[in-house]
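Descriptive analysis of the structure
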Amino acid sequence: MSVELIGYRYSVYRWIARVVLEEKGVAFAHVEVDPFAGVPDWYLGLHPFGRVPVLRHGGYTLYETAAIARYVDAAFAGESLVPLEARAAGRMQQVIGIVDSYGYRPMVRQVFAHAVFRPRTGAAGEAGEISAGLEASAGVLAALEGLAGDGWLVGGRVSLADLHLGPMMAYFVAAPQGAAMLSGYPKLSAWWRRMRVRPAMVASDPGLP
Ligand SMILES: N[C@@H](CCC(=O)N[C@@H](CS)C(=O)NCC(=O)O)C(=O)O
């Protein structure tokens, strides 16, 4: 059964799905759909909210990145990316929830988009978006610093929490202001030094436009 990941090359959520596929050693085909350019009708049949990514595996179709990550982890061989122990599993889900609910918008849509992506693609970045994003991101980094373990974010092994935050952090620190802010959080900084060179992170990196 073949695996297909449908999404936009620079989407941070597509990167999260991709890094999980890389960790599990799953080969997949990429289908490009750019939601910012307007999605085709056939895609809305797969994802009624028009976001990316969508995963297809045989006749099974799944959207929502955290669900895709859980599915890929459970469906394919290799070391599990979900801790067995109840409290660690709860913590992992908490980190993923924080990243999705409070991190994505300020770290990616405000700081990265306006300080890095837009300028690199010929559009103007708005200073107000960057400063509002930095202000909100500080609260997110502080919360994650308080929850982070000494090695990986949760427990002694890499988990879906690390793989969810990794691509978001990569985009955030691509902005010099984001990198400067991260340096004020020692546990997260140490985690990022470990995370950014992980082979699955490197292999899944879409690069910058
Ligand atoms: N809750 C969704 C969020 C996915 C998402 O927001 N993806 C962004 C790209 S990184 C998107 O499709 N944005 C299009 C838009 O905002 O219109 C998930 O977890 O997959």
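In this text the structure is predicted, and so the values were computed from the model without any measurement.

A short note on the packing of aromatic side chains
One pass over the full model with this rule turns up eleven aromatic pairs. Ring centres of tyrosine 10 and phenylalanine 117 lie 5.7 Å apart, and the angle between their planes is 70°; this geometry places the pair in the edge-to-face category. Placement of tyrosine 10 in the loop between strand S1 (3-7) and helix H1 (12-23) and of phenylalanine 117 in helix H4 (residues 86-120) is noted, with a sequence separation of 107 residues between them. We classify tyrosine 10 as buried; its relative accessible area is 17%. Three or more aromatic residues link up through ring pairs in this structure, and these residues are Tyr8, Tyr10, Trp15, Phe36, Phe112, Phe117 and Tyr171. For arginine 194, the ring lying beneath its charged end belongs to tryptophan 152, and the centroid distance is 5.8 Å. If you follow arginine 198 out to its NZ or CZ, it ends over the ring of tryptophan 152, 5.1 Å from the centre.

Structural notes on the pairing of strand S2 (residues 29-32)
As judged from the four bridges shared by S1 and S2, these two strands associate in the parallel manner. Bridge pairing in S2 places glycine 7 opposite glutamate 32. As for the winding sense of the linkage, the β-α-β connection from S1 through H1 to S2 is right-handed.

Remarks on empty space enclosed by the protein
One pass over the full model with this rule turns up one cavity of 30 Å³ or more. For the largest cavity, the calculated volume is near 30 Å³. Each residue belonging to the lining of the largest cavity can be placed in one class, and the counts come to six nonpolar, no polar and one charged.

Quick look at a positive patch on the surface
A contiguous patch of positive charge, built from Arg51, Arg105, Arg109 and Arg118, is present on the exposed surface. For arginine 109, the position within the fold is in helix H4. In this structure arginine 109 comes out as partly exposed when scored by relative accessible area, which is 37%.

What to know about the site of the ligand
Around the ligand sit Ser11, Val12, Tyr13, Pro35, Phe36, Arg51, Val52, Glu64, Thr65, Tyr104 and Arg109, and that is every residue in its neighbourhood. Here an oxygen atom of the ligand and a side-chain polar atom of threonine 65 are 2.7 Å apart. Taking arginine 109, its side chain carries an N or O atom lying 3.3 Å from an oxygen atom of the ligand. Burial of the ligand by the protein chains amounts to 85% of its free accessible area of 520 Å². Here the shell around the ligand is built from residues that sort into six nonpolar, two polar and three charged.

Remarks on the layout of surface pockets
Approximately 610 Å³ is the volume attributed to the largest pocket. Looking at the largest pocket, it is lined by 26 residues, and the ones nearest its centre are Ser11, Tyr13, Phe36, Tyr104 and Arg109. At the level of secondary structure, the elements contributing two or more residues to the lining of the largest pocket comprise H1, helix H3 (65-75) and H4. Take the lining of the largest pocket: its biggest share by element is nine residues, from H4. Of the residues contributing to the lining of the largest pocket, the split by class is 16 nonpolar, four polar and six charged. Shared between two domains, the lining of the largest pocket takes at least three residues from each, and those domains are domain 1 (3-75) and domain 2 (86-198). By volume, the second largest pocket is sized at about 150 Å³. For the second largest pocket, the lining is made up of 13 residues, of which Ser80, Val82, Pro83, Leu84 and Arg157 are closest to its centre. Of the residues belonging to the lining of the second largest pocket, the class tally is seven nonpolar, four polar and two charged.

Observations regarding the nonpolar core
Core analysis: the largest hydrophobic core is formed by 70 residues, its most contacted members being Met169 and Leu188. Per-element accounting of this core gives the leading share, 13 residues, to H4. Residues contacting methionine 169, with those up to four places away along its chain left out, are Met107, Leu141, Leu182, Leu188, Trp191 and Trp192.

Reading the values: rules and limits
Residues numbered from 1 in each chain as written. Predicted model: local features only at pLDDT ≥ 70, side-chain atom pairs only at ≥ 80, totals over all residues. Heavy atoms only, no water. Phe/Tyr/Trp six-rings, centres within 6.5 Å; stacked < 30°, edge-to-face > 60°. Helix = DSSP H or I, 4+ residues; strand = E, 2+ residues; numbered from the N terminus. Buried < 20%, exposed > 50% of the residue type's maximum accessible area, 1.4 Å probe, protein only. Lys NZ or Arg CZ within 6 Å of the ring centre and 35° of its normal. Pairing = 2+ DSSP bridges. Right-handed = clockwise from strand over helix to strand, strands pointing away. 1 Å grid on protein atoms, 1.4 Å probe; cavity = no way out; pocket = protein on both sides within 12 Å on 5 of 7 lines; lining within 4 Å. Points joined across faces, edges and corners; volume = space filled by probe spheres on them. Nonpolar A, V, L, I, M, F, W, Y, C, P; charged D, E, K, R; others polar. Patch = residues over 30% accessible without salt bridge, like charges linked within 9 Å, V, L, I, M, F, W, Y side chains within 5 Å. Areas by Shrake-Rupley, 256 points an atom, 1.4 Å probe, with all protein chains shown as cover. Salt bridge = Lys/Arg side-chain N within 4 Å of Asp/Glu carboxyl O. Lys, Arg positive; Asp, Glu negative; His and termini not counted. Charge placed at Lys NZ, Arg CZ, Asp CG, Glu CD. Near = heavy atom within 4 Å. Polar contact = N/O pair within 3.5 Å; in protein donor to acceptor, adjacent residues only side chain to side chain. Domains from an automatic or database assignment. Core = buried A, V, L, I, M, F, W, Y, C linked by side-chain atoms within 4.5 Å. Contact = heavy atoms within 4.5 Å.

Just geometry here; none of it tells us what the structure is for.
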